[in-house]
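# Remarks on the overall topology
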Amino acid sequence: MRLVPLLVLTLASCAAPAGPADGSSALIDLLAQTNAKVEQFQYSPDGSQIAYVSAKNGSSDIWVMNSDGTNARAITASYPEAEADPRWSPDGQTIAYQSRGELFLVRPDDPEHPINLTYGLNASFVQWTADSKSLIVTSANVIGLLPAAVPTSRIEVTPIATPGYSFADPQLSPDGRWLAFTADRSGKNGRWRMDIWLAPVRGGDPILLTPGTPESFEGSPRWSPDGTKLAFVSTASGWRNIGVIDVATRQVKMLTTSPWDETNPQWSPDGQWIGYVANKQWNFHVLKVAAVGGEPQQLTQRDGVNGGSEGGQVRGTFRWSPDGRTIAYTYMGPATSNDIWTMPADGGEPTRRTNHMPAGLSEEQFVAPELIHYASKDGVEVPAFLYTPRGVSADADPKPPLLVYSRANTHGMHVNGFYPFIQYFVSRGYVVLAPEIRGSGGNGAEYERLNYGDWGGGDVDDIAAGVEHLASQGLIDPNRVVMQGGSTGGYHTMQTIVKYPDLLKAAVNFYGPTNMVHMFNFFNRSTMMDILGGDHGDPTQAPDHWRERSAYYNFDRIKTPL
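Conventions we followed
- Residues numbered from 1 in each chain as written.
- Predicted model: local features only at pLDDT ≥ 70, side-chain atom pairs only at ≥ 80, totals over all residues.
- Heavy atoms only, no water.
- Helix = DSSP H or I, 4+ residues; strand = E, 2+ residues; numbered from the N terminus.
- Buried < 20%, exposed > 50% of the residue type's maximum accessible area, 1.4 Å probe, protein only.
- Areas by Shrake-Rupley, 256 points an atom, 1.4 Å probe, with all protein chains shown as cover.
- Lys, Arg positive; Asp, Glu negative; His and termini not counted.
- Charge placed at Lys NZ, Arg CZ, Asp CG, Glu CD.
- Pairing = 2+ DSSP bridges.
- Contact = heavy atoms within 4.5 Å.
- Axes fitted to C-alpha atoms, helices over the stretch in contact; angles between N-to-C directions.
- Parallel < 35°, antiparallel > 145°, perpendicular 65-115°, else oblique.
- Nonpolar A, V, L, I, M, F, W, Y, C, P; charged D, E, K, R; others polar.
- Phe/Tyr/Trp six-rings, centres within 6.5 Å; stacked < 30°, edge-to-face > 60°.
- Lys NZ or Arg CZ within 6 Å of the ring centre and 35° of its normal.
- Salt bridge = Lys/Arg side-chain N within 4 Å of Asp/Glu carboxyl O.
- Polar contact = N/O pair within 3.5 Å; in protein donor to acceptor, adjacent residues only side chain to side chain.
- Patch = residues over 30% accessible without salt bridge, like charges linked within 9 Å, V, L, I, M, F, W, Y side chains within 5 Å.
- Expected span 1.5 Å × (residues − 1).
- Core = buried A, V, L, I, M, F, W, Y, C linked by side-chain atoms within 4.5 Å.

It is worth spelling out the overall build of the chain at this point. A tally of helices and strands in the chain yields nine helices and 35 strands. Viewed in the frame of its principal axes, the chain has a C-alpha envelope of about 65 × 55 × 50 Å. Classification of the 562 residues of the chain by burial places 55% in the buried group. Of the roughly 24,000 Å² that the chain leaves accessible, carbon and sulfur atoms contribute 50%. The chain carries 43 positive and 58 negative side-chain charges, and their two centres are separated by 2 Å.

Overall, antiparallel pairing links the four strands, which are arranged β13-β14-β15-β16 in an open sheet. Pairing within the sheet leaves two strands with one partner each, and these edge strands are β13 (168–172) and β16 (207–208). With three bridges joining them, β13 and strand β14 (residues 178–183) adopt antiparallel strand pairing. Looking across to β14, one finds that Q171 is bridged to A180.

Assignment of secondary structure puts E39 in the loop between α2 (21–32) and β1 (41–43). You can call E39 buried: its relative accessible area is 19%. As a C-alpha pair, E39 and S337 span 298 residues in sequence and 9.9 Å in three-dimensional space. Excluding its chain neighbours within four sequence positions, the residues that come into contact with E39 are V53, R315, G316, T317, T330 and N338.

For the rest of this paragraph, the subject is the packing of helix α5 (residues 458–472) against helix α6 (residues 488–499). Across the interface, α5 lies against α6 with an axial gap of 10 Å and an inter-helix angle of 75°. Of the possible angle classes, the one that applies to α5 and α6 is roughly perpendicular. Between α5, through D459, V460, D461 and I463, and α6, the contact on the second element is made entirely by H492, Q495, T496 and K499. A per-class count over the contact of α5 with α6 returns two nonpolar, three polar and three charged.

Our next topic: the packing of aromatic side chains. If you walk through the whole model with that rule in mind, you get 15 aromatic pairs. A centroid spacing of 5.2 Å and a plane angle of 85° characterise the contact between F425 and Y430, whose relative ring orientation is edge-to-face. Of the residues examined, F425 reaches a relative accessible area of 7% and is grouped as buried. Chaining the aromatic ring pairs together yields one cluster made of Y405, Y419, F421, Y424, F425, Y430 and F510. Here the guanidinium or amino end of K288 rests over the ring plane of W273, the centre of that ring lying 4.2 Å away.

Before going further, it helps to examine the pattern of salt bridges. Scanning the entire structure with this criterion turns up 16 salt bridges. A salt bridge links E468 to K377, with the nearest nitrogen and oxygen atoms 2.8 Å apart. Placement of E468 in helix α5 and of K377 in the loop between β30 (370–375) and β31 (381–387) is noted, with a sequence separation of 91 residues between them. Relative accessible area serves as the criterion here: at 42%, K377 is assigned to the partly exposed category. The network of salt bridges with shared partners includes R240, D261 and E448.

Checked against the element boundaries, I155 lands in the loop between β11 (142–147) and β12 (158–161). By relative accessible area, which is 21% here, I155 ends up partly exposed. Ignoring any residue separated from it by four or fewer positions in sequence, one finds I155 in contact with L117, T118, Y119, L121 and L146.

Tracing the chain through its elements places T70 in the loop between β3 (61–66) and β4 (73–74). Note: C-alpha distance between T70 and Q49 (21 residues apart in sequence) is 9.5 Å.

The residue S321 is located in the loop between β26 (318–320) and β27 (326–333) in this model. For S321, the side chain forms a polar contact with the side chain of D323, separated by 2.6 Å. Ignoring any residue separated from it by four or fewer positions in sequence, one finds S321 in contact with Y43, P269 and T326.

In this section: the sheet that holds strand β8 (residues 110–116). The four strands are arranged β5-β6-β7-β8 in an open sheet whose pairing can be described as antiparallel. Edge positions in the sheet fall to β5 (83–88) and β8, since each of these pairs with one other strand and no more. Neighbour-to-neighbour, the strand axes of this sheet turn through a mean angle of 30°, independent of strand direction. In this structure, β5 lies alongside strand β6 (residues 95–99), joined through four bridges in antiparallel fashion. In the sheet register, E83 faces β6, and the bridge partner there is S99.

Taken together, the side chains of F421, F510 and Y511 define a hydrophobic patch exposed on the protein surface, amounting to about 330 Å² of accessible area. Relative to the assigned elements, F421 resides in helix α3 (residues 420–427). Look at F421 and you get partly exposed, because its relative accessible area is 30%.

Time to look at α6. Taking 1.5 Å of rise per residue, the 12 residues of α6 would be expected to cover 16 Å, and the 16 Å separating its terminal C-alpha atoms lies within 8% of that figure. Along α6, 11 of the 12 residues are buried, which leaves the element largely enclosed by surrounding structure. Turning to α6, its buried residues number three or more, namely T488, G489, G490, Y491, H492, T493, M494, Q495, T496, I497 and V498.

Time to look at the nonpolar core. In this structure, Y387, V415 and V432 are the most contacted members of the largest nonpolar core, which totals 41 residues. Each residue touching Y387, except ones within four places of it in the same chain, is listed here: V367, P369, H414, V415, G417, Y419, I422, Q423, V426, Y430, V431 and V432. Counting 31 residues, the second-largest nonpolar core is a separate cluster that includes Y374, I463, A464 and L562.

Glancing now at the pairing of strand β17 (residues 218–223). Summarising burial for β17: five of the six residues are buried, a large majority. Pairing of β17 with strand β18 (residues 229–234), which is carried by four bridges, proceeds in the antiparallel orientation. Bridge assignment links R222 to a residue of β18, and that residue is A231. Remark: five residues form the turn of the hairpin made by β17 and β18, two consecutive strands paired antiparallel; G227 in that turn has positive phi of roughly 75°.

This part covers the pairing of strand β7 (residues 102–107). As a general feature of sheets, a regular strand has side chains that alternate between the two faces. Among the six residues in β7, five count as buried, and that is most of the element. As defined by bridge partners, β6 adjoins β7 across five bridges and the pair is classed as antiparallel. Its bridge partner lying in β7, Y97 is registered against F104. Here β7 runs beside β8; their pairing, made up of three bridges, is antiparallel.

Limitation: the analysis is restricted to geometry and does not speak to function.
So this is what it looks like as structure tokens:
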């Protein structure tokens, strides 16, 4: 087996037309600063302030501002640590947050004295108790109480609910009597078969709230303010839609039936409305629907990512103000990074409350992508975002180079958001293709499962077909094609240079697995069977299949500088 050519290179020096060195260097410096974006925030209980996470000072810190955007200040500064998930106590005096795998408390009026509540205890924050004296946390698959005070002895979590099996997304009822959560008890892979359960906090058998849905995903349970209902997400229709469960009667009512993936349900403070985020061809919008049913109302209008999708691999969120009159949400578009905006809860003109775009960058500098579709090798229609430098057309001579941008996450997606890396290479003359290869989210459950057991197969064909499609349209130079990716994108980059050794001029794998047999033995086996084994079986049952989908066993096929 010959050695793989491992090169340290920049794609710009490999294939792009020359540009002014000083201008491109300045652009890189400015784009690097856009990582200060906002993705997490929460209103204070009285609605007068917003706590959020920002890296504006160089590290991810907790910031607090007035709800109109004034008086913004950092209240933590533990560089280079990353702090996240700020949650106000119900009395509005304290903010809980996570950092370095620990739970901390800080008072906005006393930022110099944060309190570490856990000191190595493996616990994750869920919510506050109503009296602001304790935190509800998960630890060792147990839901329990952790005092919100300086530890004076051994740190322990007092159990309040033990479902007895693996669970996710626990939500305590407003009266503290019930715990709603998602879990799979089918004994099969839980990726597609999650259900919503209810466990009595004081002990007793869990109750299945979504029976009769063995092949769909039910998740994101959220309590109504009066504790009588749960909003949730279900894929029973083939798309993620919003429903409501009456806890007393166990009756389920689906409120939406749209051909979009809908996530992140949140009740209005008065319990009359449920807000949520809909993925409309990778533009995300905030909508609301009456809790009793009715026609949904779209509140945001600007294309891009309004609100994000918590737990859906699209960072960002939205929140009702405590008085229910305003909705705050994160927004990013192809020419602007994530920031907090607010709008009236019945829709209307939005107002920007934070601004993390560095001085020197303007929306006019960047291009918006075009959503295209092309046929893959087996006829499957593949959506993709195409970024084209201004002034470039099929008549261009010479033809521009192409960068294939491979998205991350097992069932992730490329959204119509801000990608500084892409915008830089477009500014250097590259056409950029970001394909929603089979297995990507946002195109329905069937498409998302299309590469079940086939990672590194049809999905890689989708990538090659995209390159061939653009070449056939005369939009790119097929001899100057490069590709990059990280995580899942890194895996697909590796598989592309193995399966199509003559397709790429160069490739960059930021990080990503090359040996799936090793991953099966040392990672989550259930997940690995889902994404690669499927009907083939595990590495002992189908060794050829697993080796074929692992670049580690196919280095001799690689010609591409990597």
